[in-house]
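Topology and contacts: notes
What follows is each chain in one-letter form.
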Amino acid sequence: MKQIMAVLTVVATLIGLWYLACIPMNMQGVLVEAERAGAEVAPPDAAARREMGGVSLALRNGFAVPATWAQERPRLPAPHQVAVELWDTTVLKKITSKRSLVYHGWVTLSATLLGFGIGTVLGVLLAVGIVHSRVMDMSVMPWAIVSQTIPIIALAPMIIVVLYSVGVQGIIPKAVISAYLSFFPVVVGMVKGLRSPDAMQLDLLRTYSASKGETFWKLRLPASMPYLFASLKIGIAASLVGAIVGELPTGAVSGLGARLLAGSYYGQTVQIWSALFGAAILAACLVGLLGLIEKTVLKRMGMA
Amino acid sequence: MTLVAFALVLWGFGWWLNTRLAEGPHSDTRAVRLAIPLIFGATVLIVWELVVRGLNVPLVILPAPSLIAARFAGSLPILWADFVQTFVKGALSGYLIGCGAAFLMAVAVDRSDFLRLGLLPVGNFVAALPIVGTAPILVMWFGFDWQSKAAVVVVMVFFPMLVNTVAGLRETTAMQRDLMETYAASYWQSFFKLRLPAAMPFIFNGLKISTTLALIGAIVAEFFGSPTLGMGFRISTSVGQLALDMVWAEIVVAALAGTLFYGLVALIEHHVTFWHPSQRR
């Protein structure tokens, strides 16, 4: 209860700060509009205004403050503007419409999920190989760890163009990037998990004369579940980022990344912010869903 | 075709050599531990070269490593300029500002239980979001030059760093804090002598996660607009010109920068947190 109160306070403070930040950020634009509409603006000279900071302008033009929260194309849209845009583009639009955020979200989500699935399966397979083969462990594992320090996302534009030149386009290139990004966290986490049973437990199974396969299914795999879920949560967040970034360099017309890009080309800040929040909500839902599955699975296994 | 066959044979030989080394009597020595991944890496490179040559894979799909190396060596001034623009100006300055701000914020937050309770879930939540998406907004605010890239990096590294530092500052046990109390230590004395050292493993964890995030942020932000240099700019324009050898050379630079940056932070960690179990040999 106390925690909920604390979280709500922090969120409310953040929103309050956001509203405050809107005033100096948007003041210049608002004053230009107000002058055109014939209002009295404090330094009447436009050039002089451009020299001044947003805060001092706001102090001298108190009347213009409410307008900073209601601009058409603000530099920083106010929270309620983003919320209204989100509501308009998700609930009020038909999902088949090109302007519906649900439609764009689905385009990105489908690539994310496909890539995440591929990346997870491959990652788990490689981890199983690494745990059971000393050669693979010693030759592949160092590279898997090093590759985590590399900004893999820099490869995204190239992957898209290369796949395009061999005739693959649409959802697959984005899914490949997503898979690539979720692959390594899963490998590293799963290797850690499959190795988590201690020597005592492994010895016990040996006294039962369990085979390697039995040890795997009855001890290693169950023991790895907490680690697997921890890395799946990292992996799905990375997958979503991959799918969004994968939409940037091709000039894609649909998807959350395409909304971001189109918004930044045409100065539609409200659209950028709503796409951003759409992506954030999507990420939160995906991570939350995985957390829920984690809780259920671990409970059924008697681990949580 | 012979080249491809040779590549297959070489792959088999490399694997056989590694198997011998890994299962041999000296498999736990340091030299073998170092040699096996190197042999594996070298085999992959040579097989890549042979397959690309043997099958005549066009440049637009996959350039041979030798070609990439030649391009790398041939355009060092360009690569260096890109590196300075993206890494030194964009990523590094953003990294320092973001991690520094997150650290100070964490110290401030740590004094209040209420703030910490509220901020930790929010911070954890934000750390999982696709923050890269703020790049177009920040590019719009701060212009095309490195300042906007640094701003993206600041936003990206802030929350992971904040969450880790706050968690680290909670790491001491009640017993340890009570001991400091019996010494009549002031808040700052017990902060610098007990809680900050105890938080170091967490802080360095945050710093290490942030190294990769910083590079990603700086590179992706350039996709949304940049002056005519920078690693992200070079990658996106070279892809447009189908000059994939240049793209790969740039990726080599990014990989080297990322690995060295991470390695440097890990090295500092090793010296600062030498007492921690994970650092003992």
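Keep in mind the model is a prediction, meaning the values are calculated, not measured.

A closer look at the overall build of chain A
- Across its full length, chain A holds 12 helices and zero strands.
- Mapped in sequence order, the helices and strands of chain A form the string α-α-α-α-α-α-α-α-α-α-α-α.
- Its C-alpha atoms give chain A a radius of gyration of 26 Å, clearly above 19 Å, the size a compact globule of 304 residues would have.
- Dimensions of chain A, computed from C-alpha atoms along their principal axes, come out at roughly 90 × 55 × 40 Å.
- Burial status across chain A gives 41% buried among its 304 residues.
- Put simply, 76% of the contacts in chain A that link residues at least 6 apart link residues at least 24 apart.

Describing the UniProt feature "transmembrane region" (unreviewed entry) in chain A
Residues and elements named next belong to chain A.
- On the UniProt side, "transmembrane region" (unreviewed entry) is annotated at positions that read residues 106-131, 143-165, 171-191, 227-252 and 272-293 here.
- Each end of residues 106-131 is marked by a C-alpha atom, and these two atoms are 37 Å apart; helix forms 100% of the span and strand 0%.
- Segment residues 143-165 splits into 65% helix and 0% strand. End C-alpha atoms: 29 Å apart.

A look at the interface of chain B and chain A
- Contacts between the two partners involve 48 residues from chain B, matched on the other side by 46 residues from chain A.
- When contributions to the side of chain B that touches chain A are tallied by element, the ones reaching two or more residues are α1 (2-23), α2 (30-54), α5 (113-127), α6 (135-142), α9 (187-222), α10 (231-240) and α11 (244-272) of chain B.
- A total of eight residues in the side of chain B that touches chain A trace back to one element, the largest contributor, which is α11 of chain B.
- Counted by class, the side of chain B that touches chain A contains 35 nonpolar, 11 polar and two charged residues.

Some thoughts on the nonpolar core
- The biggest cluster of nonpolar side chains holds 132 residues, and the ones touching the most others in it are L240 of chain A together with V153 and V157 of chain B.
- With 16 residues, helix α7 (residues 146-169) of chain B is the largest single contributor of residues to this core.
- The contacts of V157 of chain B, once residues within four sequence positions are left out, are Y95, G98, C99, S210, L213 and A214 of chain B.
- A58, A64, L76 and A78 of chain A belong to the second largest nonpolar core, which has 12 residues in total.

Section: the UniProt feature "domain: ABC transmembrane type-1" (unreviewed entry) in chain B
- Within this numbering scheme, the UniProt entry marks residues 80-269 of chain B as carrying the feature "domain: ABC transmembrane type-1" (unreviewed entry).
- The distance separating the terminal C-alpha atoms of residues 80-269 of chain B is 28 Å; by composition the span is 84% helix and 0% strand.

Some points on the domain arrangement of chain A
- Domain parsing of chain A yields domain 1 (2-76) and domain 2 (101-300).
- Distance between the C-alpha centres of domain 1 of chain A and domain 2 of chain A: 41 Å.

Overview of the packing of helix α5 (residues 101-132) of chain A against helix α12 (residues 269-300) of chain A
Residues and elements named next belong to chain A.
- Between α5 and α12, the shortest axis-to-axis distance is 11 Å and the interhelical angle comes to 50°. With respect to their mutual orientation, α5 and α12 come out oblique. Between α5 and α12 the crossing geometry is right-handed. Contacts between α5 and α12 pair L101, G105 and L109 from the former with S274, G278 and L282 from the latter.
- Its residues assigned to classes, the contact of α5 with α12 comprises three nonpolar, three polar and no charged.

A look at unusual backbone geometry
- Here S209 of chain A, not a glycine, exhibits a phi torsion of approximately 50°, which is positive.
- Looking at the secondary structure, you find S209 of chain A in the loop between α9 (199-207) and α10 (212-246).
- Taking the C-beta count within 10 Å as the criterion, S209 of chain A has 7 such neighbours and is therefore assigned exposed.
- Backbone geometry at A184 of chain B places phi at a positive 60°, although glycine is not the residue there.
- Mapped onto the elements, A184 of chain B comes out in the loop between α8 (174-182) and α9.

Description of the domain arrangement of chain B
- In terms of domains, chain B is made up of domain 1 (2-57) and domain 2 (72-279).
- Here the C-alpha centre of domain 2 of chain B lies 35 Å away from the C-alpha centre of domain 1 of chain B.

Remarks on the UniProt feature "transmembrane region" (unreviewed entry) in chain B
Residues and elements named next belong to chain B.
- Taking the UniProt record as the reference, the feature "transmembrane region" (unreviewed entry) is found at residues 32-52, 59-80, 92-110, 122-144, 150-169, 202-226 and 246-268.
- Structurally, residues 32-52 comprises 100% helix and 0% strand, and the distance from its first C-alpha atom to its last is 30 Å.
- The span residues 202-226 carries 84% helix and 0% strand; its end-to-end C-alpha distance comes to 34 Å.

A closer look at the environment of K192 of chain A
Residues and elements named next belong to chain A.
- Among the secondary structure elements, K192 is positioned in helix α8 (residues 171-194).
- You can call K192 partly exposed: it has 16 C-beta atoms within 10 Å.
- C-alpha of K192 to C-alpha of A6: the two residues are 186 residues apart in sequence and 35 Å apart in space.

How each quantity is defined
Residues numbered from 1 in each chain as written. Chains lettered and ligands numbered in written order. Predicted model: local features only at pLDDT ≥ 70, side-chain atom pairs only at ≥ 80, totals over all residues. Helix = DSSP H or I, 4+ residues; strand = E, 2+ residues; numbered from the N terminus. Rg over C-alpha atoms; globule rule 2.2 N^0.38 Å. Buried ≥ 20, exposed ≤ 12 C-beta atoms within 10 Å, placed from the backbone. Contact = placed C-beta atoms within 7 Å. UniProt positions renumbered as here; feature names shortened; annotations may be inferred. Nonpolar A, V, L, I, M, F, W, Y, C, P; charged D, E, K, R; others polar. Core = buried A, V, L, I, M, F, W, Y, C linked by C-beta atoms within 7 Å. Domains from an automatic or database assignment. Axes fitted to C-alpha atoms, helices over the stretch in contact; angles between N-to-C directions. Parallel < 35°, antiparallel > 145°, perpendicular 65-115°, else oblique. Left-handed = near helix turned anticlockwise from the far one by under 90°.

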